Amino acid sequence: MKTKKLLAKLANFMDKDRNVQSDELAAIREVLKKLKTKERKLREKLEDNPDEEQRKELQGKLEVVHAQRIKGLDRVMEIRESRKEKSAPAAATDEKITEE
Amino acid sequence: MQRSLLLTAVFLVLGYGFWVSPDLKEIAAGIALFLFGMMSLESGFKAFTGGALEIVLRRSTDRLWKSVAFGLGSTTLMQSSTLVSLITISFVSAEMISLAAGIGIIMGANLGTTTGAWLIAGLGLRVDIAAYAMPMLVFGVILLLNRSRELKGVGYLLLGIGFLFLGIAYMKEGFDALQEGFDLSAYAVPGLAGLLLFTAIGMAVTVIMQSSHATLLVIIAALAAGQVTYDNALALAIGANLGSAFTTALGGLTANLGGKRLAVAHVLFNVMTAAVAIALIDQMVWAVDWISDLIGIAEDDFLLKLALFHTLFNLLGVMLLVPFVKQLERALIRYVHFVPPPAEQPRFLFPEALKTPATAVAAVRNEVAHLYDNAHVLISHGLSLRRRVIDSDASLSDAVRSTRRIMPLDVDDVYEKKIKSLYNAIVDFIGNVQDREIPQQWTDRLYSLQQASRDIVEAVKAMKHLHKNLSRFGVSPNPPVREHYDALRVQIAKLLREIRELRTEEPGAITSLSLDSLKLSLEKTSRERLDSINRMVRERRIPPHIATSLMNDEAYAYRLGEKLVGAAHVLLFSDEPADRIAEELLALDDREIERMATGSEQSGKTAREAR
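Thresholds, definitions, all that
Residues numbered from 1 in each chain as written. Chains lettered and ligands numbered in written order. Predicted model: local features only at pLDDT ≥ 70, side-chain atom pairs only at ≥ 80, totals over all residues. Heavy atoms only, no water. Helix = DSSP H or I, 4+ residues; strand = E, 2+ residues; numbered from the N terminus. Buried < 20%, exposed > 50% of the residue type's maximum accessible area, 1.4 Å probe, protein only. Contact = heavy atoms within 4.5 Å. Areas by Shrake-Rupley, 256 points an atom, 1.4 Å probe, with all protein chains shown as cover. Axes fitted to C-alpha atoms, helices over the stretch in contact; angles between N-to-C directions. Parallel < 35°, antiparallel > 145°, perpendicular 65-115°, else oblique. Left-handed = near helix turned anticlockwise from the far one by under 90°. Nonpolar A, V, L, I, M, F, W, Y, C, P; charged D, E, K, R; others polar. Buried area = accessible area lost by both parts, 1.4 Å probe. Salt bridge = Lys/Arg side-chain N within 4 Å of Asp/Glu carboxyl O. Core = buried A, V, L, I, M, F, W, Y, C linked by side-chain atoms within 4.5 Å. pLDDT = per-residue confidence, 0-100. Phe/Tyr/Trp six-rings, centres within 6.5 Å; stacked < 30°, edge-to-face > 60°. Polar contact = N/O pair within 3.5 Å; in protein donor to acceptor, adjacent residues only side chain to side chain. Expected span 1.5 Å × (residues − 1). Bend = angle between axes of the 7 residues up to and from the residue.

J.: Is there a simple way to think about the overall build of chain A in this case?
T.: Scanning chain A from N- to C-terminus turns up 3 helices and 0 strands. Order of helices (α) and strands (β) in chain A, N terminus to C terminus: α-α-α. When each of the 100 residues of chain A is scored for burial, the buried share is 30%. If you take every contact in chain A between residues at least 6 apart in sequence, the share linking residues at least 24 apart comes to 61%. Of the roughly 7000 Å² of accessible surface on chain A, 53% is carried by carbon and sulfur atoms.

Put into structure tokens, the structure is as follows:
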């Protein structure tokens, strides 16, 4: 997926209703949890496997799962940051209204 | 198995015959040399095809008389009605000439074979033909050593004629010597029974030798030596004509509908000619005697009389059929149909499934999975691996290493039967669904499923190209080449196995994300193999023409893998919205995969772009 396309999707995602965002964030977390389990299993397999060729394959799979997890975690952070940013100006406006 | 048993039996019978009779050895050697001569002639004429022969053929078949004349002329020149018939079948198959023109050529070719009988009877057995053969063989071999295709062709032609002459001489000597030992004519059968029996023998001999010319040579040589009676020789000649239709029929079996129709026409023509000759045998014999008397053939010159009989009954057949060629063409078109092999039928695409978008999409998805399964089998076989090997836990490297020969596979045929038919049905069904107004989300799903079908078809096409070179170099005795193709086969086989395993899991983000590791593996191994090919070229371990084949096949293998992963991605994609979002956000893109493959943060070209 091209970066631009990804960013566009992310932007769309950010603009959605907060509740929907929460559900989707939960889905990403769920997938991340599964990926973590998968990564752990792959590591165990790698430790137990003496075959060089198979180890190479497992190493490749491990790299991919790890990269996906990092990517997922980054996205979670971005979403959190974005939500914080969105909620911060709203809070500032609330304060102004109270002062008046 | 049956073929090897038959071959063993033929060897044993011939071996025993050679041991018992040295004369039989000489006769058999004569036939062998004659047949080899015909093969050389064919090779010689083939050197000139792809140009002159085709142009002449196309220009000389616009009228029926021209077609007949062409058949007659070309067969007289080439002395092989089989070659002319088979080329005609290929032209009719390619729709370059009409069926009626093809029938005309076949009739002319039948007439043309009679010139062979004249040559053998009039010249071959009367002069020391072997003396003419020797210089032709010498000149033929010298020309064969040339690089020029045309000169080589001429060399083959000279060799062909030389061997034909030598074969005739050996046959003559063999029968002459046999005559001193025992008399085969003692087994002559008179009357209708003899006529039918010897017709059948002539036919069987021609079918075995695949040449009516060779049979005629045997008949004439045996007649000259008095080993068969004149009456029986006539019946043998009728049989030889019938047998030659069998050779064409075999050629027609592998041709398309036009070729099959022409082969049927050839069989009909020869059967009709033979039936007329048998029915009118007494009248034919009388006509031969009368014409012989007229043109000055001696009453006891049975060799020329046989040649005349051969010409007469073929001419009679042509005269009987010529007025009905158009009707025959129409009848063949009407009654001879090509029964296509049963194509794979869709299992899930029924009108009921069109009722709701969800059922329609589910049906298409199942059908695409069916299509994928068929492609899985085809690609496994294309790699010369049984499906059960791919679907088991057995070592793929061992299975590939132990391959002794590449499995013959008609990829086009399987594609038509197992892939194209389903692809057509899927595209048609999706068209029907889209005719109804359905929400965008379902249209998108259908689009991606159609794309997946296309990916599967593309993967199969890549396999088709790959299979060609695999058949040539897959079990190459050159170790670096063999190792490369082995690695390529193992990689695709592993991909098939991994996708198959993923498909047994629940569809969802995790399953779909697993495809990224396949993409990475594809990218890495492709790069490694391209580097390896370049290294082999640098070190002069493989010639450049093999290196380019390896590179092309590398590209096909990459494409095949890429398309299979693409199709699997759609099949493993979850319908759950949350899963889809998660998968879209977490899946690695091409650049990320490529960075991982190179192990560098610097973005270079992907293996695909490098091609």
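J.: Help me understand the environment of A32(B) in this model?
T.: By secondary structure assignment, the location of A32(B) is in helix α2 (residues 22-46). Considering only alpha carbons, one finds A32(B) and F163(B), 131 residues apart in sequence, at a separation of 9.2 Å.

J.: Hey, could you run me through the packing of helix α23 (residues 515-538) of chain B against helix α26 (residues 590-598) of chain B in this one?
T.: The geometry of a pair of packed helices is captured by two quantities: the angle between their axes and the separation between those axes. Residues and elements named next belong to chain B. Packing of α23 against α26 brings their axes to within 9 Å, and their N-to-C directions diverge by 50°. Of the possible angle classes, the one that applies to α23 and α26 is oblique. Between α23 and α26 lies a crossing whose hand is right-handed. Residues D516, K519, L520, E523, K524 and R527 of α23 lie in contact with α26, whose contacting residues are I593, E594, M596, A597 and T598. In terms of residue class, the contact of α23 with α26 is built from 4 nonpolar, 1 polar and 6 charged.

J.: Got a minute to help me understand the interface of chain A and chain B in this structure?
T.: Interfaces are frequently sized by the accessible area removed from exposure as the parts join. Opposite the 26 residues of chain A that make contact, chain B presents 25 residues. Carbon and sulfur atoms make up 62% of the surface buried where chain A meets chain B, a total of about 2200 Å² over both sides. There are 6 salt bridges connecting chain A and chain B. With its nearest N and O atoms 2.9 Å apart, the salt bridge here joins K71(A) to E592(B). Among the elements of the structure, α1 (3-15), α2 (18-48) and α3 (52-99) of chain A are those that each provide at least two residues to the side of chain A that touches chain B. No other element matches the 12 residues that α3(A) contributes to the side of chain A that touches chain B.

J.: In this structure, what is going on with the pattern of salt bridges? I would like to understand it.
T.: Should the charged atoms of two oppositely charged side chains come close, the side chains can pair. Summed over all chains, the structure comprises 29 salt bridges over all chains. Measuring nitrogen to oxygen at the nearest pair gives 2.8 Å for the salt bridge that ties R401(B) to D398(B). Taken together, the residues span about one helical turn, with R401(B) and D398(B) both in helix α18 (residues 396-401) at a distance of 3 residues. What makes R401(B) exposed here is its relative accessible area of 52%. By relative accessible area, which is 43% here, D398(B) ends up partly exposed. In this structure, a network of salt bridges that share partners links the residues E39(A), R43(A) and R69(A).

J.: So what exactly am I meant to see when it comes to the packing of helix α12 (residues 257-279) of chain B against helix α14 (residues 302-321) of chain B here?
T.: Residues and elements named next belong to chain B. Interhelical geometry of α12 versus α14 gives an angle of 115° and a closest axis separation of 9 Å. Of the two elements, α12 crosses α14, and the hand of that crossing is right-handed. Two secondary-structure elements touch here, α12 through F269, M272, T273, V276 and A277 and α14 through F313, N314, L316, G317, V318, L320 and L321.

J.: Quick question: what am I supposed to make of the nonpolar core here?
T.: Nonpolar side chains tend to gather and get buried jointly when the protein is soluble and globular. Residues and elements named next belong to chain B. V364, I379, F429 and L564 are the most contacted members of the largest nonpolar core, which totals 70 residues. Sorting the residues of this core by element identifies α16 (357-382), α18, α19 (411-435), α20 (440-473), α21 (479-504), α23 and α24 (544-572) as the ones contributing at least two each. One finds I120, L164, A222 and L223 within the second-largest nonpolar core, a separate group that totals 62 residues.

J.: Is there a simple way to explain the confidence of the model for chain A in this structure?
T.: For any part of a model where pLDDT is low, the fine detail of the predicted coordinates should not be relied upon. Residues and elements named next belong to chain A. For chain A, the average pLDDT comes to 75, and 67% of its residues sit at 70 or higher. Within chain A, α2 carries the highest mean pLDDT (82), whereas α1 carries the lowest (66). In the model, residues 93-100 has pLDDT below 50 throughout and makes 0 contacts with residues more than four positions away in sequence or in other chains.

J.: In this structure, what is going on with the environment of A233(B)? I would like to understand it.
T.: Residue and element names in this part refer to chain B. Examined against the element boundaries, A233 turns out to sit in helix α11 (residues 230-253). Residue A233 is classed as buried on the basis of its relative accessible area of 0%. A233 sits 70 residues away from L303 along the chain, and the two C-alpha atoms are 9.5 Å apart. With sequence-adjacent residues up to four places away left out, A233 is seen in contact with I219, L223, V228 and L306.

J.: Would you explain the packing of aromatic side chains in this entry?
T.: Any pair of aromatic rings gets described here by the distance separating the centres and the angle formed by the planes. Residue and element names in this part refer to chain B. In total, this model carries 6 aromatic pairs over all chains according to the counting rule given. Between F309 and F313 the ring centres are 5.2 Å apart and the planes differ by 45°, which places this aromatic pair in the tilted class. Separated by 4 residues within a single helix, F309 and F313 lie in helix α14, roughly one turn from each other. Of the two residues, F309 and F313, neither departs from the other in class, the shared state being buried.

J.: Can you walk me through the side chain of E39(A) in this structure?
T.: All names here are of chain A. Positionally, E39 belongs in helix α2. With relative accessibility at 5%, the residue E39 sits in the buried group. Side-chain polar atoms of E39 contact the side chain of H66, separated by 2.9 Å. Excluding its chain neighbours within four sequence positions, the residues that come into contact with E39 are L62, V65, H66 and R69.

J.: Can you help me understand α19(B) in this one?
T.: Structural remark: α-helix, 3.6 residues per turn; residues separated by three or four positions point the same way. Residues and elements named next belong to chain B. Its 25 residues give α19 an end-to-end C-alpha distance of 34 Å, which sits within 8% of 36 Å, the value for a rise of 1.5 Å per residue. Of all bends in α19, the biggest is about 35°, found at I419. Those residues of α19 that fall on the buried side of the exposure criterion are V411, Y415, I419, S421, L422, Y423, A425, I426, F429, I430 and V433. Buried residues in α19 make contact with α16 and α20.

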